[in-house]
Amino acid sequence: LINEGYNTLAIQLPVLANGIEGSEYRGLFNDSDKRINATVAYLQSQGKVVDLLVAHSLGTSMATHYLSGNSKHPFKRFVAVGMNGGSTAYLKKVNIPVLDVYGTEDIKPVLTTVNDRKNASKHNTNYTQTQIEGDHFFTNNDELLSKTVANWLK
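The structure contained in this document is the topic of the report that follows. (Residues numbered from 1 in each chain as written. Predicted model: local features only at pLDDT ≥ 70, side-chain atom pairs only at ≥ 80, totals over all residues. Heavy atoms only, no water.)

## Some details on the overall build of the chain
For clarity, the cut-off: A helix here means a DSSP run of H or I that spans at least four residues, while a strand means a run of E at least two residues long, and both kinds are numbered starting from the N terminus. Buried residues are those whose accessible area, probed at 1.4 Å on protein chains only, stays under 20% of the maximum for their type, while exposed residues exceed 50% and partly exposed ones sit between those limits. By the convention used here, residues are in contact when the closest approach between their heavy atoms is within 4.5 Å. Using a 1.4 Å probe, accessible areas were evaluated by the Shrake-Rupley method; residue-level cover was limited to the displayed protein chains.
Tallying secondary structure elements over the chain gives 6 helices and 4 strands in all. The secondary structure elements of the chain, listed N-terminal to C-terminal, are α-β-α-β-α-β-α-α-β-α. Here the C-alpha coordinates of the chain stretch approximately 40 × 35 × 35 Å along the principal axes. Counting every position in the chain, which comprises 154 residues, the buried fraction comes to 45%. For the chain, long-range pairs separated by at least 24 residues make up 65% of all intrachain contacts whose partners lie at least 6 apart in sequence. About 8,800 Å² of surface is accessible on the chain, with carbon and sulfur atoms providing 47% of the total.

Written out as structure tokens, the structure is:
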């Protein structure tokens, strides 16, 4: 996104050991909320505008948890890449514009919950769901992913 004119900062959200089921991460969601809040506070203290949140995979569940439970967050838009069903319950409370982008060859938890995510967001007239060519990590398709996100942001 830097090539499209957007400044970015990656937040390392809490992780568990390899092989742990995604559902086990729910216990870390409050910790991820704290990390997002700390990052927002830091960026704002540096005079930066904080209005876009981008997350991938399990990070989308952590991000939607944060957005749904924090009405005073500064984010005006949310990009969810490879979002799975863990976000569905939280999407019902997210009211900012959302881009839900996933790959044609994405992982099963993403592909099998496409309609669930769409239904959970039917209250949000600014929810957009887009499938583009790629796997869960958009291997060799990162440029397509970046352009898709940048076009939506415009």
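Here the narrative resumes.
## Section: the packing of helix α1 (residues 29–45) against helix α2 (residues 58–69)
We count it as follows: Only the stretch in contact is used when fitting a helix axis, every axis being a line fitted to C-alpha atoms; angles between N-to-C directions are given from 0 to 180 degrees. Roughly parallel means an angle under 35 degrees; roughly antiparallel, over 145; roughly perpendicular, 65 to 115; everything else is oblique. Three residue categories are used. Nonpolar comprises Ala, Val, Leu, Ile, Met, Phe, Trp, Tyr, Cys and Pro, charged comprises Asp, Glu, Lys and Arg, and polar comprises the others, including Gly.
Two elements in contact, α1 and α2, have axes separated by 9 Å at closest approach and are oriented at 75 degrees. The angle between α1 and α2 falls in the class roughly perpendicular. Along the contact surface, α1 presents Phe29, Asn30, Ser32, Asp33, Ile36, Asn37 and Val40, while α2 presents Ser61, Met62, His65 and Tyr66. Each residue belonging to the contact of α1 with α2 can be placed in one class, and the counts come to 5 nonpolar, 5 polar and 1 charged.

## A word on the layout of surface pockets
To keep it simple, the criterion reads: Of the grid points, spaced at 1 Å and generated over the protein atoms alone, those admitting a 1.4 Å probe that cannot get out make up cavities, while open sets with protein on both sides within 12 Å along at least five of seven lines make up pockets; any residue with an atom within 4 Å of a point is treated as lining. Grid points are joined across faces, edges and corners, and a volume is the space filled by probe spheres set on the points.
The space that makes up the largest pocket amounts to roughly 1,400 Å³. Lining the largest pocket we find 42 residues, and of these Leu1, Thr8, Leu9, Ala10 and Val54 sit closest to its centre. For the lining of the largest pocket, the secondary structure elements donating two or more residues are α1, β1 (52–56), α2, β2 (77–81) and α6 (142–153). The element that contributes the greatest number of residues to the lining of the largest pocket is α6, accounting for 6 residues. Grouping the constituent residues of the lining of the largest pocket by class yields 26 nonpolar, 9 polar and 7 charged. Here the second largest pocket defines a volume of roughly 230 Å³. Ile20, Glu21, Gly22, Ser23, Tyr25, Arg26, Phe29, Leu58, Ser61, Asn84 and Gly86 together form the lining of the second largest pocket. For the lining of the second largest pocket, the residue count by class is 4 nonpolar, 5 polar and 2 charged.

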